[in-house]
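What follows is each chain in one-letter form.
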Amino acid sequence: MNRIKDIILDLDGPLLDGKLRHYRCYSDILLKHGFEPQPLENYWELKRARKSRREILLLSKALHIYNLFLAEWLDRVECLDYLQFDCVQKAASNQLRTWRDCGRRIFLVTMRSNRENLVEQLKSKGLLSFFDRVVVCKHAEGGAGKASRLLKEVPSIEPQFSIWIGDTEVDFDASRYLKCPSCLVINGLRNREYLTTLGPEFLKDDISQININEIENKQHEFVQNHSTAKDL
């Protein structure tokens, strides 16, 4: 059995619930320009179903302000005034503490533009001390960008002894680039139906359900299958 030494985590979704931050940012912009936002739950289910900004704006007859909306969204969404609306997912802190107490390294790899505000948020939420390193990647770099940045900043990563935990296709792609198993959680930005189609090694309701022993029991099978596929 291969022991999991390194746990690689996405932030928004697995660790933080960003539903209210996203909604407040979206609704504040629409209200500012005289449009009626969708109700919170409708908006979030549209996001989780991968509906685009254009499709969501169209529902409020605001598609013609798309460029203005996007500019204001990018300017607002990582401001501390909005980051305060994020909340730590249930049992996330306890799970991180358990992993650290077992001697595992934990790396946070997240797509944020403002590193300073990110660090301030992690401090205010009591999460910063759990991480051996915080790696920041631009959205445009995608999953391959997340994985390559991690490898650049932490060259000691051993994929065969790692697990990548996230909540979107970007994290799944990152795990494939790194060549390690993926565990996706369904309480973030994507719903179960979509995440199932990606074919992750593990799919859980939330971070509290992740059992490293279960992952370790299947780790050898993943490594063996990956090696076989590469040989072919």
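Structure: above.
Take the overall build of the protein chain next. A tally of regular secondary structure across the protein chain gives 11 helices and 8 strands. On C-alpha atoms alone, the protein chain measures out to a radius of gyration of 18 Å, which is about the 17 Å that the 2.2 N^0.38 rule sets for 232 residues. Overall size of the protein chain, expressed as C-alpha extent along the three principal axes, is 60 × 40 × 30 Å. When the 232 residues of the protein chain are sorted by exposure, 48% land in the buried category. Contacts spanning at least 24 positions in sequence make up 66% of the contacts within the protein chain whose residues lie at least 6 apart. Here the protein chain displays about 11400 Å² of accessible surface, and carbon together with sulfur accounts for 49% of that area. Where the 35 positive side-chain charges of the protein chain centre and where its 33 negative ones centre are 2 Å apart.

Moving on to empty space enclosed by the protein. All chains considered together, the criterion is met by 1 cavity of 30 Å³ or more. Looking at the largest cavity, its volume works out to about 50 Å³. Tyr26, Tyr43, Lys47, Arg53, Ile56, Leu57, Phe69 and Trp73 together form the lining of the largest cavity. Sorting the residues of the lining of the largest cavity by element identifies helix H2 (40–48), helix H3 (53–59) and helix H4 (66–76) as the ones contributing at least two each. If you tally residues by element for the lining of the largest cavity, the top one is H3, at 3 residues. The residue inventory of the lining of the largest cavity, partitioned by class, reads 6 nonpolar, no polar and 2 charged.

So, about H4. Listed in full, the buried residues belonging to H4 are Tyr66, Phe69, Glu72, Trp73 and Arg76. Take H4 and look down its axis: the buried residues cluster within an arc of 135°, on one side only. Of the residues in H4, the exposed ones pointing more than 90 degrees away from the buried face are Asn67, Leu74 and Asp75. Looking at the buried positions of H4, the neighbouring elements they touch are helix H1 (19–32), H2, H3 and helix H5 (80–83).

Scanning the model with the defined rule gives 20 salt bridges in all. The salt bridge partner of Lys146 is Asp10, with a shortest N-O separation of 3.2 Å. Remark: Asp10 occurs in the loop between strand E1 (6–9) and strand E2 (16–17) and Lys146 occurs in helix H8 (residues 142–153); sequence separation between them is 136 residues. In this pair, the class of Lys146 matches that of Asp10, namely buried. Ionic contacts of the salt-bridge type, sharing partners, join the residues Asp12, Arg21, Asp86 and Arg112 into one network.

Okay, the side chain of Arg76 next. Within the secondary structure, Arg76 sits in helix H4. The exposure class assigned to Arg76 is buried, which follows from its relative accessible area of 18%. When residues no more than four places from it in sequence are discounted, the contact partners of Arg76 are Cys25, Asp28, Ile29, Lys32 and Tyr82.

Strand order in the open sheet formed by 6 strands is E5-E4-E1-E6-E7-E8, with parallel pairing between adjacent strands. Whereas interior strands pair on both sides, the edge strands pair on one side only; in this sheet they are strand E5 (133–137) and strand E8 (202–204). Within this sheet the neighbouring strands show an average axis-to-axis angle of 20°, counted without direction. Relative to strand E6 (residues 162–166), E1 is paired through 4 bridges, and the arrangement is parallel. Its bridge partner being in E6, Leu9 is matched across the sheet by Ile165.

So, how was this worked out
Residues numbered from 1 in each chain as written. Predicted model: local features only at pLDDT ≥ 70, side-chain atom pairs only at ≥ 80, totals over all residues. Heavy atoms only, no water. Helix = DSSP H or I, 4+ residues; strand = E, 2+ residues; numbered from the N terminus. Rg over C-alpha atoms; globule rule 2.2 N^0.38 Å. Buried < 20%, exposed > 50% of the residue type's maximum accessible area, 1.4 Å probe, protein only. Contact = heavy atoms within 4.5 Å. Areas by Shrake-Rupley, 256 points an atom, 1.4 Å probe, with all protein chains shown as cover. Lys, Arg positive; Asp, Glu negative; His and termini not counted. Charge placed at Lys NZ, Arg CZ, Asp CG, Glu CD. 1 Å grid on protein atoms, 1.4 Å probe; cavity = no way out; pocket = protein on both sides within 12 Å on 5 of 7 lines; lining within 4 Å. Points joined across faces, edges and corners; volume = space filled by probe spheres on them. Nonpolar A, V, L, I, M, F, W, Y, C, P; charged D, E, K, R; others polar. Arc of directions from axis to C-beta. Salt bridge = Lys/Arg side-chain N within 4 Å of Asp/Glu carboxyl O. Pairing = 2+ DSSP bridges. Axes fitted to C-alpha atoms, helices over the stretch in contact; angles between N-to-C directions.

Coordinates in, geometry out; function isn't part of it.
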